[in-house]
Amino acid sequence: MLRATLRSFLAHKGRLLLSGLAVILSVAFVGGSLIFSDTVARTFDRLFASTSADVTVSPKEGLDEYVPSGVVRTVPASLAQRVRGIDGVAGAHVDAAVENVTVVDDRKEPVGPTTGAPTIAANWYVTDRSPVRLTSGHVPEGPAEAVVDKDTADKKDVRIGDTLTVVTQPGSFDVEVVGIATFTTTNPGAALVYLDTATAQRKLLGRPDAATSISVDAAEGVSDAELKQRIGAALGDAYELRTADEQAESAAEQLGGFLDVIKYVMLGFAGVAVLVGIFLIVNTFSMLIAQRTRELGLLRALGADRRQVRRSVLTEALLLGLVGATLGLAAGIGLAAGLIELMGLFGMNLKAAEMVIGTATPVAAYVVGLGVTFVAAYLPARRAARVSPMAALADAEVADVGRPLRIRAIAGAVVGTAGFAALAGCAASGRTATASPLLGLGVALTLIAAVVAGPLLVRPVIRLLGGAFPRLFGPVGRMSQRNALRNPRRTGATAAALMIGLALVTGLSVASASMTRSFDRQIDRTLGADFVVQNTNFQPFPREVTEKVRDVEGAGTVVRQRFTPLALTLPDGLRVESTAAGYDPGLDEAANVTYASGGTSAALAPDAMGMDRGFAEEHGVRTGSVLPVEFPGGRQARLTVGALTDMDQATGPGMQGGLFMGLATVDRHVPGGQESAVYVNAADGVDPGELRVALEQALDPYPQVQVRDQADYKDLVRQQISVLLYLVYALLGLAIVIAVLGVVNTLALSVVERTREIGLLRAIGLSRIQLRRMIRLESVVIAVFGAVLGLALGMVWGVAVQQVLELEGMTEFAVPWGTVVAVVVGSVVVGLAAAVLPALRASRMNVLAAIAHE
């Protein structure tokens, strides 16, 4: 039996190739994502471990900043002197480092990265842990000198002697580049500008007696943990103390979010490939077993029992999985190498030679590869085991054509009812925390129901879709329609691969279109200012930008917006961490705020705040309620709720409650913040177009900020949402590739299965052109059938997702009809493309040999 199995596998290796591609793609994405994330993690672990001080003294961690406030947390620089006197300390250095500063050259072009990585300005001092070493020029020695890292200098053509402008919170200042420093470790993609310590404290932090942290070196023979304990005993619990390992772990956790995004995106691709590939493999093995009925019957007649036959088919599947997993792992290594090169384009200089292939990677690769093929081949293997010895004497098939679909109908109805009930519960739920799990459950169950019940829909839907074929194409059209109806299970499984991809795309496209329309309506309703000055990546910007805006001739009302994290203790006893916005008193001229009670003046009054009505009612808050509030740094206050808004505004993580207050209140409790936006109205009699030109000219030295009107703001939101769409379209592309493989495989095996039939048709006058047309039409109707199911399922999912979004303030519903039309047209193209090779092969058959085929 083993020899027979191996010979059978080698005899059908061409037919199994396309199924093997699905396994290869699945394993490649799994292996590639694990290799890439492990490589990045190992690289940065080494970076953090090699550059972290033995002990770091930093400000106490406070409230999470979901939206950046621009406040730089500091410790007294005098701590360095106190720490140096502690037994076991070999040295202590003041750190003055600020991220997300802006550095521009004399052409007003940004010197830092534009890909999201930070530009860091810091004080220069050298230890054996320094991430850079000076390779040309000299160290900064005065208030107007700086050192720049070599990677940034090469990319931005910065040379020694050039003048740069550094834009920071306390204000802008010019420096001359006097040195170039080269990274001794991996460059994480950041741009580094070094100043002497006194200049960094004064110009980056605004105070000569402040530091962002204190780096402490341990004396010989003193462990990091022991040194931390001694420093803690001397300083108390007012500061955060971390050993080198703890500091590296903390930095790695911050990087983990970035790595997780990449890993989960790639594993999402792997999941789609696995799911769609299962249908391809099921179809392939089902058809191969149907074609080998007499062969299997002969094995049974020669003494093979059911278990041996089933084991033989599963062994073929495992061989396919083994080969696919091996090739997929190799492809995954190539994919990881490509991602490493791609990261190099974004400034993260990883080395492919240091690629990490952990033990878990090949284990996961082979588990996926072998698991997918085994699961997919199990049902066909059971079917093969039911072949009787008498099948060797008859022209029999195990095609399941005649088996009733009653069990499928019952199972599909039960699962589908449960799925729709979950989606209905999701739509009826009033809380996101309840609606989201119901949405996931509903999507999973309705997908399973569509797959299970798909064959039941084949006959009615394909009769409708191919109803015009007989009139348009005559007998060829009628035969193509009947061929698609011949085996509903096969047609349903073939179309299911395309259905899954299109359902995902349709559902997420509906969600993104609804989000876009909701944000558009919200901008129309709420944005009353002529222009918004805002950072490109939504980071805060220095106050001098606001002063430049105020000085522009023709600028009327100027309203600042600043964010701060805070924690509310509500009347129901719940403590909620959120983010509040602070505004100037002219808010009514910059935004259209609707109130359920109170007004803008009451909300922006000293020690007062505004709140969303729904949030207030949920927690028992009323106008006039006095709430305990904790601000960063442990500052405590009691704020009076002066107004409740009624705006159905969209919220995000850490933005619950729609909290806002006067900027004077924010400044009192959280000094040192930076603006996140400035709203500007044209003065009376000033043309907004002229004001925009004047604003852009005034802000030319600040490339990090842009002037936007309502239309620009909408475009910005659409660009953010389009990132999700690009991911969706990439998933669609992968699903389509595998779906095309499935249709090609089905048609190719179907041509082999119908060899004698094709020969007879050719013998009675069917031309080669007509034969190719018949196969193309069959392919198109199967692809369109999958598209119709996918669109219907995706629309249901999209409606459910929009109901969840409505709980977050996105109340509009939109259907992207352009995407719907493109999906239908694309499915026709997919069908035509998939039929090219099978139709060509069928048309080249020798008529007499085909008639004599067994």
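The model shown is predicted, which means the values in this text are computed figures rather than measured ones.

**Examining the overall build of the chain**
- Within the chain one finds 26 helices and 23 strands.
- By principal-axis analysis of the C-alpha atoms, the chain measures approximately 95 × 65 × 55 Å.
- A burial count over the chain gives 52% of its 854 residues as buried.
- Residue pairs in contact within the chain that sit at least 24 positions apart in sequence constitute 83% of those at least 6 positions apart.
- As displayed, the chain has an accessible area near 36,900 Å², and 58% of this comes from carbon and sulfur atoms.
- One way to put it: in the chain the 75 positive side-chain charges average out to a point 20 Å from where the 79 negative ones average out.

**Re the packing of helix 14 (residues 475-486) against helix 24 (residues 768-806)**
- Between helix 14 and helix 24, the least distance of the axes is 8 Å, while the angle of their chain directions is 45 degrees. Comparing the axis directions of helix 14 and helix 24 gives the class oblique. Considering how the two elements wind past one another, helix 14 and helix 24 form a crossing that is right-handed. Residues Val476, Gly477, Met479, Ser480, Asn483 and Ala484 of helix 14 form the contact with helix 24, whose participating residues are Gln770, Arg773, Met774, Leu777, Glu778, Val781 and Ile782.
- Looking at side-chain class alone, the contact of helix 14 with helix 24 contains seven nonpolar, four polar and two charged residues.

**A few points about helix 10 (residues 360-385)**
- Between its first and last C-alpha, helix 10 extends 35 Å over 26 residues, near the 38 Å set by a 1.5 Å rise per residue.
- A bend of about 40 degrees at Tyr378 is the largest found in helix 10, and the proline Pro380 appears one to four places after it.

**Some thoughts on the pattern of salt bridges**
- The final tally for this structure, using the stated rule, is 26 salt bridges.
- Of the charged contacts in the structure, one is a salt bridge between Asp524 and Lys714, with a shortest N-O distance of 2.7 Å. With Asp524 in helix 15 (residues 488-526) and Lys714 in helix 22 (residues 710-753), this residue pair connects regions lying 190 residues apart in the sequence.
- According to the relative accessible area criterion, Lys714 is buried, its value standing at 16%.
- Here Asp646 ties to Arg613 by a salt bridge, and the two come within 3.4 Å at their closest N and O atoms. Here the residue Asp646 occupies a position in the loop between strand 20 (636-645) and strand 21 (660-662), and Arg613 occupies one in helix 19 (residues 613-618), the gap between them amounting to 33 residues.

**With respect to the side chain of Gln481**
- Note that Gln481 resides in helix 14.
- The class of Gln481 is buried, set by a relative accessible area of 11%.
- Among the polar contacts listed, one links the side chain of Gln481 to the backbone oxygen of Arg463, at a separation of 3.3 Å.
- Setting aside anything within four residues of it in sequence, one finds Gln481 in contact with Ile462, Arg463, Gly466, Gly467 and Pro470.

**Looking at the sheet that holds strand 3 (residues 89-95)**
- Pairing in this open sheet of four strands is antiparallel, and the strands run 3-12-1-13 from one edge to the other. Because the sheet does not close on itself, it has two edges, and the strands there are strand 3 and strand 13 (239-243). Looking at each pair of strands side by side, their axes are set apart by 20 degrees on average, direction ignored.
- Where strand 1 (residues 55-59) lies against strand 12 (residues 213-218), three bridges are found, and the strand directions are antiparallel. Across the sheet, Val57 pairs through a bridge with Ile214, a residue of strand 12.
- Contacts from helix 6 (residues 224-235) reach strand 1, strand 3, strand 12 and strand 13 within the one sheet, and its direction differs from that of strand 13 by about 165 degrees.

**Overview of the environment of Leu789**
- Along the chain, the position of Leu789 falls in helix 24.
- You can call Leu789 buried: its relative accessible area is 14%.
- With 339 residues separating them in the primary sequence, Leu789 and Ala450 have C-alpha atoms 7.9 Å apart.
- Leu789 has contacts with Leu457 and Met499, leaving out every residue within four places of it along the chain.

**Regarding the side chain of Gln802**
- Its place among the elements puts Gln802 in helix 24.
- Residue classification places Gln802 among the buried residues on the basis of a relative accessible area of 3%.
- A distance of 3.1 Å separates the side chain of Gln802 from the backbone oxygen of Glu812, its partner in a polar contact.
- Contact partners of Gln802, with chain neighbours within four places excluded, come to Ser514, Met810, Thr811, Glu812 and Phe813.

**Re the environment of Ala41**
- Residue placement: Ala41 occurs in helix 2 (residues 13-51).
- Residues Ala41 and Val356 lie 315 residues apart in sequence; the distance between their C-alpha atoms is 9.3 Å.

**Considering a nonpolar patch on the surface**
- The grouping of Leu318, Phe374, Val375, Tyr378 and Leu379 at the surface amounts to a nonpolar patch, some 440 Å² of accessible area in total.
- Residue contributions to the nonpolar patch peak at four residues, all from helix 10.

Analysis parameters
- Residues numbered from 1 in each chain as written.
- Predicted model: local features only at pLDDT ≥ 70, side-chain atom pairs only at ≥ 80, totals over all residues.
- Heavy atoms only, no water.
- Helix = DSSP H or I, 4+ residues; strand = E, 2+ residues; numbered from the N terminus.
- Buried < 20%, exposed > 50% of the residue type's maximum accessible area, 1.4 Å probe, protein only.
- Contact = heavy atoms within 4.5 Å.
- Areas by Shrake-Rupley, 256 points an atom, 1.4 Å probe, with all protein chains shown as cover.
- Lys, Arg positive; Asp, Glu negative; His and termini not counted.
- Charge placed at Lys NZ, Arg CZ, Asp CG, Glu CD.
- Axes fitted to C-alpha atoms, helices over the stretch in contact; angles between N-to-C directions.
- Parallel < 35°, antiparallel > 145°, perpendicular 65-115°, else oblique.
- Left-handed = near helix turned anticlockwise from the far one by under 90°.
- Nonpolar A, V, L, I, M, F, W, Y, C, P; charged D, E, K, R; others polar.
- Expected span 1.5 Å × (residues − 1).
- Bend = angle between axes of the 7 residues up to and from the residue.
- Salt bridge = Lys/Arg side-chain N within 4 Å of Asp/Glu carboxyl O.
- Polar contact = N/O pair within 3.5 Å; in protein donor to acceptor, adjacent residues only side chain to side chain.
- Pairing = 2+ DSSP bridges.
- Patch = residues over 30% accessible without salt bridge, like charges linked within 9 Å, V, L, I, M, F, W, Y side chains within 5 Å.

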